Amino acid sequence: MKSAQAQMAAAPPQVRTRRGSGLFTRIAKRYDLYLMLLLPVAWYLIFQYGPMYGLQIAFKNFVASKGIGGSHWAGLEHFTRFFDSYYLGRLLWNTLSINLFSMLIGFPIPILLALIVSEIQNKTFNKVLQNITFIPHFISVVVIVGILTVFLSPTGGPINSLIQGLGGEPIRFMESAGWFKTIFISSNIWQNMGWQSIIYIAALSGINPQLYEAAKMDGASRLRRIWHVSIPGIVPVIVILLILDVGHFMDIGFEKILLMQNNLNSEASDVISTFVYKTGILNGEYSYTAAIGLFNSVINLTLLLLVNRFARKTAETSLW
Amino acid sequence: MSKQAKLSGQSDGRVFNAVNYTIATLIILIVLYPLVFVVSASFSNPAKVLGGEVWLLPKGFTLAAYNYILHDGKVWLGYRNTLLYTVVGTAVNMVMTILAAYPLSRPDLPGRKLLMVLITLTMFFNGGLIPTYLLVKSLGMVDTMWALIVPGAIATYNLIVMRTYFQSSIPWELQEAAHIDGCSNWRLLVSIILPLSKPILAVMVLFYAVGHWNSFFGALIYIRNEHLYPLQLVLREILMISTAGSADGNVGMENQVLLAEGIKYAVIIISSLPVLIMYPFVQRHFVKGVMIGSIKG
């Protein structure tokens, strides 16, 4: 409906502009619109496309005094060094497994939450449930990790108090490689499930109520109605969000990983992006880490394109 | 059969409701409990917290940690810096986003499609951390507040949401009529478009402001001068860098360790307070923002 309006609205000016003489007059007539765009376009060129130009240092031996253009080419040296390094396996495995498990577990939960919310008829309870589950989304990463540290602390944290109360030994959760991924993923879900459910709740409320009525007439139980009406109704939204998530597959939660990382859990928490930060920014190996960063971005982009294509073919929904 | 089907249908509904409400209540408890624990711990005697005595309500009520923080220059300085970065940063964000979103919402702008493609592309591919860092460094922004504001001046997602709003919520006829009356594009934007777009502007201010308030990574890489540290970085030092070693082994050591522990809880509360106080008032705006965003542009 809205897009139809927009299209109708878009029609008249095009008719008019086609009558106008050429592209140049059309542009000259709207010079002030370009004036508005001046700063944003300059910003995009400098701060978005500038770094893309700077990416060439991945194929060079960057020396600050010579600048990006003046440094000597190194070919694929940095890439081969990374692929031959002993930590490649660990970085790749951690990056892939953390993100894969995050998605496998974290993606369906907001959908389930939205289904639960939409099945609660009591208006007040419905609002309370939504508003409370949104809260953690607004807490900063630093505070989240702070809360994790005190909540899971072996001295006085309620989880360990409970374990001790049941006769167990306290666990040093935050300093354990074995627990790292579980803690990281479950706290992500705790923080974001409410927020991520909003879109699904909106999509569910847009489903035609007659479909539910019809299903009820046919004797479908509540669960069956969810399965046959609710879920098919939100599949397009699910597919779009899944594609967008895949597009950032390799860089979910980098800041949080960095904050949670310590020497004792690094075996499980070293991922590509934290490695780039430590080796690049802290140790100044710019060319080498730019190459690793590029490798990471290329995987992301490839995954996005693949999933988008797959979705267009199978679910007939895609980003473009 | 109809009577039986009806009965089983009803009981099915009752069981379903019971299960659903139980799960929903569990979710509320799981989300709230860690928050309640931290609040209670911040008002409790740290010795009792470390002893595992605090479960739900404060034990040995004390304000010592809050008292200490209120007199700690670092936290205040961080607060002041963050406030400054948030206000200036959000202002820059809004100006830049509006300046980009409005022209791009105009169907009669030649080159609009190409610009949109080039802008959207940056959501899926960018230079990455190192080239961006080198760029900011070469522009001389390191150790100034501009490093926290300029590189993130526009969030492309927000730009697209705002553009979609301009396009779909403000009738094109209105803009045309204004043009015929001799209204320039600048005046059109300032006196017609913006007043009609208050809901989306409010949402964007909120998104950007919370982003600035909570961000720490920009400061971590670009700010070395401690006097420029935003609150989140001060917080990180207090929370993550172990304070146990700071005591110098005298009689007060145990007390200092305890105080340091109490400070952790209190500082979590103090830093999150502004956002959480604002939350009930602005919550529906946030939700609206997500909804507008979900209408694909």
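Conventions and cut-offs
- Residues numbered from 1 in each chain as written.
- Chains lettered and ligands numbered in written order.
- Predicted model: local features only at pLDDT ≥ 70, side-chain atom pairs only at ≥ 80, totals over all residues.
- Heavy atoms only, no water.
- UniProt positions renumbered as here; feature names shortened; annotations may be inferred.
- Helix = DSSP H or I, 4+ residues; strand = E, 2+ residues; numbered from the N terminus.
- Areas by Shrake-Rupley, 256 points an atom, 1.4 Å probe, with all protein chains shown as cover.
- Rg over C-alpha atoms; globule rule 2.2 N^0.38 Å.
- Buried < 20%, exposed > 50% of the residue type's maximum accessible area, 1.4 Å probe, protein only.
- Lys, Arg positive; Asp, Glu negative; His and termini not counted.
- Charge placed at Lys NZ, Arg CZ, Asp CG, Glu CD.
- Contact = heavy atoms within 4.5 Å.
- Buried area = accessible area lost by both parts, 1.4 Å probe.
- Salt bridge = Lys/Arg side-chain N within 4 Å of Asp/Glu carboxyl O.
- Polar contact = N/O pair within 3.5 Å; in protein donor to acceptor, adjacent residues only side chain to side chain.
- Nonpolar A, V, L, I, M, F, W, Y, C, P; charged D, E, K, R; others polar.
- Expected span 1.5 Å × (residues − 1).
- Phe/Tyr/Trp six-rings, centres within 6.5 Å; stacked < 30°, edge-to-face > 60°.
- Lys NZ or Arg CZ within 6 Å of the ring centre and 35° of its normal.
- Domains from an automatic or database assignment.
- Axes fitted to C-alpha atoms, helices over the stretch in contact; angles between N-to-C directions.
- Parallel < 35°, antiparallel > 145°, perpendicular 65-115°, else oblique.
- Left-handed = near helix turned anticlockwise from the far one by under 90°.
- pLDDT = per-residue confidence, 0-100.

If you check an unreviewed UniProt entry, chain B appears there as Carbohydrate ABC transporter permease from Cohnella pontilimi. Regarding chain B, the UniProt comment filed under Subcellular location (unreviewed entry) reads as follows: "Cell membrane".

As annotated in an unreviewed UniProt entry, chain A carries the name Sugar ABC transporter permease and comes from Cohnella pontilimi. Recorded in UniProt for chain A, the comment headed Subcellular location (unreviewed entry) runs: "Cell membrane". For the record of chain A, the UniProt heading Sequence similarities (unreviewed entry) holds the text "Belongs to the binding-protein-dependent transport system permease family."

Draft legend 1. How the structure looks around the overall build of chain B. Assigned secondary structure in chain B consists of 14 helices and zero strands. Starting at the N terminus, the α and β elements of chain B follow one another as α-α-α-α-α-α-α-α-α-α-α-α-α-α. For chain B, the exposed area adds up to about 14,100 Å²; of that, 68% sits on carbon and sulfur atoms.

Draft legend 2. Focus on the overall build of chain A. A count of helical and extended segments in chain A gives 17 helices and two strands. Compactness check: chain A gives a C-alpha radius of gyration of 26 Å against a globular reference of 20 Å for 320 residues, more than 25% above the reference. In terms of its C-alpha atoms, chain A occupies a principal-axis envelope of roughly 80 × 65 × 35 Å. Each of the 320 residues in chain A was classed as buried or not, and the buried ones make up 51%. With an accessible surface of roughly 16,000 Å², chain A has 65% of that area assigned to carbon and sulfur atoms. Chain A carries 24 positive and 15 negative side-chain charges, and their two centres are separated by 14 Å.

Draft legend 3. How the structure looks around the interface of chain A and chain B. Listed as interface residues are 91 residues of chain A and, on the opposing side, 94 residues of chain B. At the boundary of chain A with chain B, total buried surface from both sides reaches about 8,700 Å², with 77% on carbon and sulfur atoms. Taken as a group, Met36(A), Tyr44(A) and Phe138(A) account for 9% of the area that chain A buries against chain B, more than any other trio of residues on that side. For the pair chain A and chain B, the interface holds one salt bridge. At the junction of chain A and chain B, the tally comes to 15 residue pairs in polar contact (both at pLDDT 80 or more). With 18 residues, helix H3 (residues 31–54) of chain A is the largest single contributor of residues to the side of chain A that touches chain B. A class-by-class count of the residues in the side of chain A that touches chain B yields 66 nonpolar, 17 polar and eight charged.

Draft legend 4. Looking closely at the UniProt feature "transmembrane region" (unreviewed entry) in chain A. As recorded in UniProt, the feature "transmembrane region" (unreviewed entry) lies at residues 33–50, 91–116, 128–152, 197–214, 226–244 and 286–307 of chain A. Spanning residues 197–214 of chain A, this segment combines 83% helix with 0% strand, and its end C-alpha atoms are found 26 Å apart.

Draft legend 5. Representation of helix H8 (residues 156–169) of chain B in the model. Here H8(B) is 14 residues long and its end C-alpha atoms lie 20 Å apart, about the 20 Å a rise of 1.5 Å per residue gives. Among the residues of H8(B), Thr156(B), Asn158(B), Leu159(B), Ile160(B), Val161(B), Met162(B), Arg163(B), Thr164(B), Tyr165(B) and Phe166(B) are the ones counted as buried.

Draft legend 6. Inspection of unusual backbone geometry at higher detail. If you check the backbone angles, Asp143(B) has positive phi at about 65° while not being a glycine. Residue classification places Asp143(B) among the partly exposed residues on the basis of a relative accessible area of 30%.

Draft legend 7. Expanded view of helix H13 (residues 231–240) of chain B. Most of H13(B) is tucked away: seven of the 10 residues are buried. Turning to H13(B), its buried residues number three or more, namely Leu231(B), Gln232(B), Leu233(B), Val234(B), Leu235(B), Ile238(B) and Leu239(B).

Draft legend 8. How the structure looks around the side chain of Asn185(B). Within the secondary structure, Asn185(B) is located in helix H10 (residues 185–196). Take Asn185(B): its relative accessible area is 5%, and that puts it in the buried class. Only 2.8 Å separates the side chain of Asn185(B) from the side chain of Arg106(B), close enough to count as a polar contact. Side-chain polar atoms of Asn185(B) contact the side chain of His179(B), separated by 2.7 Å. Excluding anything up to four places from it in sequence, Asn185(B) contacts Asp32(A), Leu33(A), Met36(A), Tyr102(B), Arg106(B) and His179(B).

Draft legend 9. Structural view of the packing of aromatic side chains. All names here are of chain A. The full count for this structure, using the stated rule, is 29 aromatic pairs over all chains. Taken together, a centroid distance of 5.8 Å and an interplanar angle of 65° make the contact between Phe82 and Phe295 edge-to-face. Separated by 213 residues along the polypeptide, Phe82 in helix H5 (residues 77–84) and Phe295 in helix H17 (residues 286–314) bring together distant segments of the chain. The residues Phe82 and Phe295 share a single accessibility class, namely buried. Taken together, a centroid distance of 4.9 Å and an interplanar angle of 75° make the contact between Phe173 and Trp179 edge-to-face. Among the residues examined, Trp179 registers a relative accessible area of 35% and is labelled partly exposed. Each residue in the set Phe82, Phe83, Tyr86, Tyr87, Phe275, Tyr288 and Phe295 is aromatic and connected to the rest through ring pairs, giving one cluster. Its end group placed over the ring of Trp73, Lys60 keeps NZ or CZ at 4.4 Å from the ring centre. Lys256 extends its terminal NZ or CZ atom over the ring of Phe184, reaching a point 5.0 Å from the ring centre.

Draft legend 10. How the structure looks around the domain arrangement of chain A. Residue and element names in this part refer to chain A. The domain boundaries assigned to chain A delineate domain 1 (14–73) and domain 2 (77–314). Each partner contributes to the interface: domain 1 provides seven residues, whereas domain 2 provides eight residues. Each partner contributes to the roughly 630 Å² buried at the junction of domain 1 and domain 2, and carbon and sulfur atoms together form 68% of this total. Contact with domain 2 buries surface across domain 1, with Leu55, Ile57 and Ala58 losing the most and accounting together for 55% of the total. Between domain 1 and domain 2 we count zero salt bridges in total. The interface formed by domain 1 and domain 2 holds five residue pairs in polar contact (both at pLDDT 80 or more) in total.

Draft legend 11. Fine view of the packing of helix H4 (residues 73–105) of chain B against helix H11 (residues 198–214) of chain B. Residue and element names in this part refer to chain B. The N-to-C vectors of H4 and H11 enclose an angle of 140°; their axes lie 9 Å apart at closest approach. When the interaxial angle is binned, H4 and H11 end up oblique. Here H4 runs over H11; the crossing is right-handed. Touching Tyr79, Thr82, Leu83, Tyr85, Thr86, Gly89, Thr90, Asn93, Met94, Thr97 and Ile98 of H4 are Leu201, Met204, Val205, Tyr208, Ala209, His212 and Trp213, all from H11. Of the residues assigned to the contact of H4 with H11, the class counts are 11 nonpolar, seven polar and no charged.

Draft legend 12. How the structure looks around the packing of helix H5 (residues 112–124) of chain B against H8(B). All names here are of chain B. One can describe the packing of H5 onto H8 by two numbers: an axis separation of 9 Å at closest approach and a directional angle of 145°. Here Arg112, Met116, Ile119, Thr120, Thr122 and Met123 of H5 lie close against H8, whose contacting residues are Thr156, Tyr157, Leu159, Ile160, Arg163 and Gln167. Among the residues forming the contact of H5 with H8, the class breakdown is six nonpolar, four polar and two charged.

Draft legend 13. The confidence of the model for chain B, seen in detail. Residues and elements named next belong to chain B. In the predicted model, chain B carries a mean pLDDT of 84, and 89% of its residues have values of at least 70. Per-element averaging of pLDDT across chain B places helix H14 (residues 253–294) at the bottom with 78 and helix H7 (residues 146–149) at the top with 95. This stretch, residues 1–9, has a pLDDT under 50; its non-local contacts, to residues over four places away or in other chains, come to zero contacts. Predicted confidence for residues 243–251 stays below pLDDT 50, and this span has seven contacts to residues more than four positions away or in other chains.

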